[in-house]
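So the chains spell out like this:
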Amino acid sequence: MTSSAMPPVSPVPEPQAAVDAAPGTGPVGTLLTECPPVAATTGPMIAIDNVSKWYGDFQVLTNCTTSVTKGEVVVVCGPSGSGKSTLIKCVNALEPFQKGQITVDGTKIADKKTNLPKLRSRVGMVFQHFELFPHLSITDNLSLAQRKVLGRGKAEAEAKGLALLERVGLKAHAHKFPGQLSGGQQQRVAIARALAMNPIVMLFDEPTSALDPEMVGEVLDVMVELAREGMTMMVVTHEMGFARKVANRVIFMDKGEIVEDAQKEEFFGSPRSERAQTFLSRILSH
Amino acid sequence: MFSNFDFSVILNSWRYLFFDGMAFTLTLTALAAVGGVVLGTLIAMMRLSGLPVLPQVAKAYVNFMRSLPLVLVIFWFYFLVPYIGQWIIGAERPIQVGAFSSSLITFTLFEAAYFSEIMRAGIQSIPKGQSAAASALGLTYWQSMGNVILPQAFRNMLPVLLTQTIVLFQDTSLVYVLSITDFLGAASKVAQRDGRLVEMYLFAAVVYFAVCFIASLLVRRLQRRVAIIR
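Keep in mind that this is a model prediction, so the values were computed, not measured. (Residues numbered from 1 in each chain as written. Chains lettered and ligands numbered in written order. Predicted model: local features only at pLDDT ≥ 70, side-chain atom pairs only at ≥ 80, totals over all residues. Heavy atoms only, no water.)

**Description of the overall build of chain A**
Each helix and strand counted, chain A has 10 helices and 10 strands in total. Here the analysis covers contacts within chain A between residues at least 6 apart in sequence; of these, 69% occur between residues at least 24 apart. Per element, the accessible surface of chain A, about 12,100 Å² overall, is 52% carbon and sulfur. (Helix = DSSP H or I, 4+ residues; strand = E, 2+ residues; numbered from the N terminus. Contact = heavy atoms within 4.5 Å. Areas by Shrake-Rupley, 256 points an atom, 1.4 Å probe, with all protein chains shown as cover.)

This is the structure in C-alpha cells:
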C-alpha cells in the first residue's frame, strides 16, 4: 500500500523515546522542526471521559472513554456511521457534545471559559475533503493561520510553510492554487498547513477516504513519517496497513460505542469482541 | 418621422446632462451599492448567526423592505428622517437632511435588503468544511469570515451583486420625486424648458440602455475571470 520509497519497516519506537528524539535537535528535514509547546502536565494528551452526544433524539456517541498519551499513535476504526468521525471532531470542539468531558493537554474543552480558538490552534486537524482554501495560493493557505493566530510575520510564516512543503515534496507547487493540485497533493498540503501551527497533537479524519487509490500511498507515507518522528496522532481510517505499521493502539467503534480499545498486536492478533472480529475479517479478506 | 425633431437640444445641454445629472446618478449608485453590500453582508451574517433574536430581526427587516415600493420609501425617508433625527438627538426642530443624504440613506437601507439575500446565498454556497477548517486552525469567527468565507462568497456572488447594482443604477432615477437633478431629472428639466420632451426622453432612454447593456457585458466577462478553480 505505502510506496516502496519507505525504508524497511522497523519496529515501532517506544513513544517516549520517539518524543525525546524529536524536539529541537531533530535532524534537518524532519517534519517537526520545532519543539511543540507542551504544558507540564503528567496526564494524557487527550482524555475522553464518558462522552455522549445526541443529534436530536438520535444518540451518536454513547459513554465513550479513552485516552491518548504523548507520542502515541491511536487508530480509530469501525463501520461507517459508527461515530468515529464525530468522536474525533469532538476532540477539538468542532462538534459539541452533551455529556462527559474531553481534556486536551490539561484543558477542558467543554468548559465555557476555555479559549477554543487558542486550543484549536494547538491541535492540528486533517479533513477527509482536505478543505484547503480555494481562493488562496498554497503559500497563503499555509501562512494564513500562522499570521492571524500565531502572529508570525509574513516572511517567517512563508519560510515555515515552504520548509514544510519541501518535506511533503510539494515545494515546486507553492505558487499554485489548490484546484490545480491532485487530491493526494492537496491532502499533503493540508497536512503541512496543520503542521505549520506547531501542533501538540494531530487529528486525522479519514484522510485517505476521498482519494483515488493511487494517491493513498503518498499521503500515508507522510503520516507514517510523522508518526515515526514522535507526533501524537489520533487517526480515523480504514487503512489497516497503516494501523499495522505505525499504530500503538487501535480503537474499534460500532454504533457510537467504543467496543474495543487494545494494543495493536492484541487487536489484530486476537480481537475480543465479536463485532471487531467480524469487521476485521471483512476488511482484511480482500 | 424625425423630420420635426430637433436633436440640437442635446448638443446644447450635454454638459449639464452628464456633469450634473449623470455624475449625481453614478455617485449615488456607487455609494449606495458599497453601503448596501456592507450593510447587506452584516444582515446576512446576522441571519445566519444562529444566535437568539438576531436572525428574526434580520429576516423581519429584509421582508419589510422588500414589501414596500421604492418610491414610497424614498418619500417616507425624506419626510420622516428629519423627525427621527430630531427625536434621537432631542433637538427642538426637525434636523436638516439634504435631498442627497436622504436619498443615499434610503437607497443604502433599501438595497441592503436585496444585497443581504444575495450574500446569504453566497455564504451558504461555501461548504461547511471551509469554516470547520478555519476553526480547526484557530481562526476566530470574525477572522474566518473575513479571510475564508466572505472572500469566497463575494467572488461567487460578484456577477449577481453587479447585476443588482445595474438595477440600482436604474432605480436611482426615482429620486425625481425629491426634485433632485440626477440624469433623468436633468433631462426632464431641459426637456420642459426647451419644449423638447420627446427628444430628451428618447435620448435618456438610449443612454440608460447603453450604460446598462455595456455594464452587463462587462459583468459577463468578469464572471469568467473571477471564477475560483475548485
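Moving on, there is more to tell.
**Thoughts on a nonpolar patch on the surface**
Residue and element names in this part refer to chain B. Among the surface-exposed residues, Phe64, Leu72, Phe75, Trp76, Phe79, Leu80, Ile84, Trp87, Ile88 and Ile89 lie close enough to one another that they form a single nonpolar patch of about 1,100 Å² accessible area. Of note, phenylalanine 64 is situated in helix H2 (residues 54-66). Under the relative-accessibility criterion, phenylalanine 64 is labelled partly exposed at 45%. (Patch = residues over 30% accessible without salt bridge, like charges linked within 9 Å, V, L, I, M, F, W, Y side chains within 5 Å. Salt bridge = Lys/Arg side-chain N within 4 Å of Asp/Glu carboxyl O. Buried < 20%, exposed > 50% of the residue type's maximum accessible area, 1.4 Å probe, protein only.)

**A look at the UniProt feature "transmembrane region" (unreviewed entry) in chain B**
All names here are of chain B. Under the UniProt annotation, "transmembrane region" (unreviewed entry) lies at residues 22-46, 67-89, 95-115, 160-180 and 200-219. Counting secondary structure, residues 22-46 comes out at 100% helix and 0% strand; the distance between its end C-alpha atoms is 35 Å. The distance from the first to the last C-alpha atom of residues 160-180 is 28 Å, and the span holds 57% helix and 0% strand. (UniProt positions renumbered as here; feature names shortened; annotations may be inferred.)

**Description of the packing of aromatic side chains**
Residue and element names in this part refer to chain B. Tallied over the full model, the rule gives 15 aromatic pairs over all chains. When the centroid spacing of 6.4 Å and the interplanar angle of 65° are considered together, the rings of tryptophan 76 and phenylalanine 77 count as edge-to-face. Judged by its relative accessible area of 42%, tryptophan 76 is partly exposed. Taken together, a centroid distance of 5.7 Å and an interplanar angle of 75° make the contact between phenylalanine 183 and tyrosine 208 edge-to-face. With phenylalanine 183 in helix H7 (residues 183-194) and tyrosine 208 in helix H8 (residues 197-226), the pair connects residues that are 25 residues apart, well separated along the chain. (Phe/Tyr/Trp six-rings, centres within 6.5 Å; stacked < 30°, edge-to-face > 60°.)

**Looking at the interface of chain B and chain A**
Facing the 20 residues of chain B at the interface are 21 residues of chain A. Together, the buried faces of chain B and chain A total about 1,800 Å²; carbon and sulfur atoms form 69% of this surface. Viewed at the interface, chain A and chain B are joined by 5 residue pairs in polar contact (both at pLDDT 80 or more). Within the residue set of the side of chain B that touches chain A, elements represented by two or more residues are helix H5 (128-136) and helix H6 (141-171) of chain B. Per-element accounting of the side of chain B that touches chain A gives the leading share, 7 residues, to H5(B). Tallied by class, residues from the side of chain B that touches chain A come to 10 nonpolar, 8 polar and 2 charged. (Buried area = accessible area lost by both parts, 1.4 Å probe. Polar contact = N/O pair within 3.5 Å; in protein donor to acceptor, adjacent residues only side chain to side chain. Nonpolar A, V, L, I, M, F, W, Y, C, P; charged D, E, K, R; others polar.)

**Thoughts on H7(B)**
Residues separated by three or four positions in an α-helix point in the same direction, a consequence of the helix having 3.6 residues per turn. All names here are of chain B. Here H7 contains 12 residues, and its C-alpha end-to-end distance of 17 Å stays within 8% of the 16 Å for a straight helix at 1.5 Å per residue. Looking at H7, one finds that the buried residues are Phe183, Gly185, Ala186, Ala187, Ser188, Val190 and Ala191. Buried-residue contacts for H7 involve helix H1 (8-48) and H8. Glycine 195 sits one or two residues past H7 and shows a positive phi near 65°. (Expected span 1.5 Å × (residues − 1).)

**Overview of helix H5 (residues 154-167) of chain A**
Residues and elements named next belong to chain A. Over its 14 residues, H5 runs 20 Å from end to end, which matches the ideal 20 Å to within 8%, given 1.5 Å per residue. Taken together, the buried positions of H5 are Ala157, Lys160, Gly161, Leu164 and Leu165. Within H5, the buried residues cover an arc of 140° as seen down the axis, which keeps them to one side. Buried residues along H5 sit against helix H4 (138-148) and helix H6 (183-195). Just beyond H5, the residue with positive phi is glycine 169, at close to 75°. (Arc of directions from axis to C-beta.)

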